[in-house]
Amino acid sequence: MWQRLEKLHDMDPSMYRNVDGILKKEAGEGTSRKTYSCTRALVWLTRSLDFAVSLLEKLCKETYGNLKKAVEESYEVTLKPWHQWISTAAYQVALRLVPGDAKTFINLLMAQDEDYDDLKEEILSLVSLLKPILNEVHCVLRSFKSDRLKSNSR
């Protein structure tokens, strides 16, 4: 996803120095809803980050809770509203691969000599940095009427 945005930016860094320029270009050309548009890439990158933020917040609240439940809850509020039946079916298959216990996942996130409290502090710091950026991106997407794109809309 991000490669499309980066490629367009590299074509003309002064014109495409920010997301507005990219969205404006595609809106003007009528290509923003195309399957391989940068607009669509930005929409799904933003939604993916929304999912990650939601999941990380849940893991911080419920230290070693049920990872599968946290993934399901995060999916329900961030990605599911935008998925059509085939994407939802693919998610259901992928969910079967998620272990129930969050401890293994959390241990993978921790540095070798790090404890959970340090990781939690780092996660909360990351989340506090990402949320305002994501809110701003959502506002920009709304201004270009690109925030309602579904997974297979054209």
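Throughout this description, residue numbers start from 1 for each chain and increase along the sequence as written. Local features in this predicted model are restricted to residues whose pLDDT is 70 or higher, and side-chain atom pairs enter the listing and the counts only when it is 80 or higher, whereas totals over whole chains, interfaces and linings include all residues. Values reported for side chains reflect all heavy atoms of the structure, with hydrogen atoms and water molecules removed beforehand.

With an unreviewed UniProt entry as reference, the protein chain is termed Glycolipid transfer protein domain-containing protein, source organism Papaver somniferum.

A. Looking closely at the environment of Tyr116. A run of H or I in DSSP becomes a helix once it reaches four residues, and a run of E becomes a strand once it reaches two; helices and strands are each numbered from the N terminus. Inspection of the secondary structure assignment puts Tyr116 in helix H7 (residues 116-143). Relative accessibility thresholds used throughout: buried, under 20% of the residue-type maximum; exposed, over 50%; partly exposed, between the two (1.4 Å probe, protein chains only). Assessed through its relative accessible area of 12%, Tyr116 is described here as buried.

B. Examining the nonpolar core more closely. Here, the term nonpolar core denotes a set of buried Ala, Val, Leu, Ile, Met, Phe, Trp, Tyr and Cys residues that are joined through side-chain atoms within 4.5 Å. Counting 37 residues, the largest nonpolar core has Leu55, Leu67 and Val71 as the members making the most contacts within it. Elements supplying a minimum of two residues to this core: helix H1 (2-11), helix H2 (19-29), helix H3 (38-61), helix H4 (67-78), helix H5 (85-95), helix H6 (102-109) and H7. Per-element accounting of this core gives the leading share, ten residues, to H3. Residue contacts follow a heavy-atom distance rule, with two residues in contact if any of their heavy atoms lie within 4.5 Å. In this structure Leu55 touches Leu67, Ala70, Val71 and Ser74, once residues within four positions along its chain are discounted.

C. Seen up close, the layout of surface pockets. Here a cavity denotes grid points, spaced 1 Å and computed from the protein atoms alone, that fit a 1.4 Å probe unable to get out, and a pocket denotes an open set having protein on both sides within 12 Å along at least 5 of 7 lines; residues with an atom within 4 Å of a point are the lining. Grid points are joined across faces, edges and corners, and a volume is the space filled by probe spheres set on the points. Volume-wise, the largest pocket comes out at about 150 Å³. Considering the residues around the largest pocket, the lining is formed by Val43, Arg47, Asp50, Val77, Thr78, Trp82, His138, Leu141, Arg142 and Asp147. Amino acid classes used here: Ala, Val, Leu, Ile, Met, Phe, Trp, Tyr, Cys and Pro are nonpolar; Asp, Glu, Lys and Arg are charged; the rest, including Gly, are polar. When its residues are assigned to classes, the lining of the largest pocket shows four nonpolar, two polar and four charged.

D. Representation of the confidence of the model for the protein chain. The pLDDT value tells you how sure the predictor is about a given residue, anywhere from 0 up to 100. Here the protein chain shows a mean pLDDT of 89. Residues at 70 or above account for 95%. Within the protein chain, the element-level pLDDT minimum falls on H1, averaging 79, and the maximum on H7, averaging 95.

E. The arrangement of the packing of aromatic side chains in detail. Each Phe, Tyr or Trp ring (for Trp, its six-membered ring) is paired with any other whose centre lies within 6.5 Å, and the angle between the two planes then decides the class: stacked below 30 degrees, edge-to-face above 60, tilted in between. Inspection of the entire model under this criterion finds one aromatic pair. For the pair Tyr75 and Tyr91, a centre-to-centre distance of 3.5 Å together with 5 degrees between the ring planes defines the contact as stacked. One end of the pair, Tyr75, is in helix H4; the other, Tyr91, is in helix H5, with 16 residues separating them in the sequence. Summarising the burial analysis for this pair, Tyr75 and Tyr91 share the class buried. Charge over a ring is defined by NZ of Lys or CZ of Arg lying within 6 Å of the ring centre and within 35 degrees of the ring normal. Just above the ring of Trp44 sits the side chain of Arg47; from NZ or CZ to the centre is 4.7 Å.

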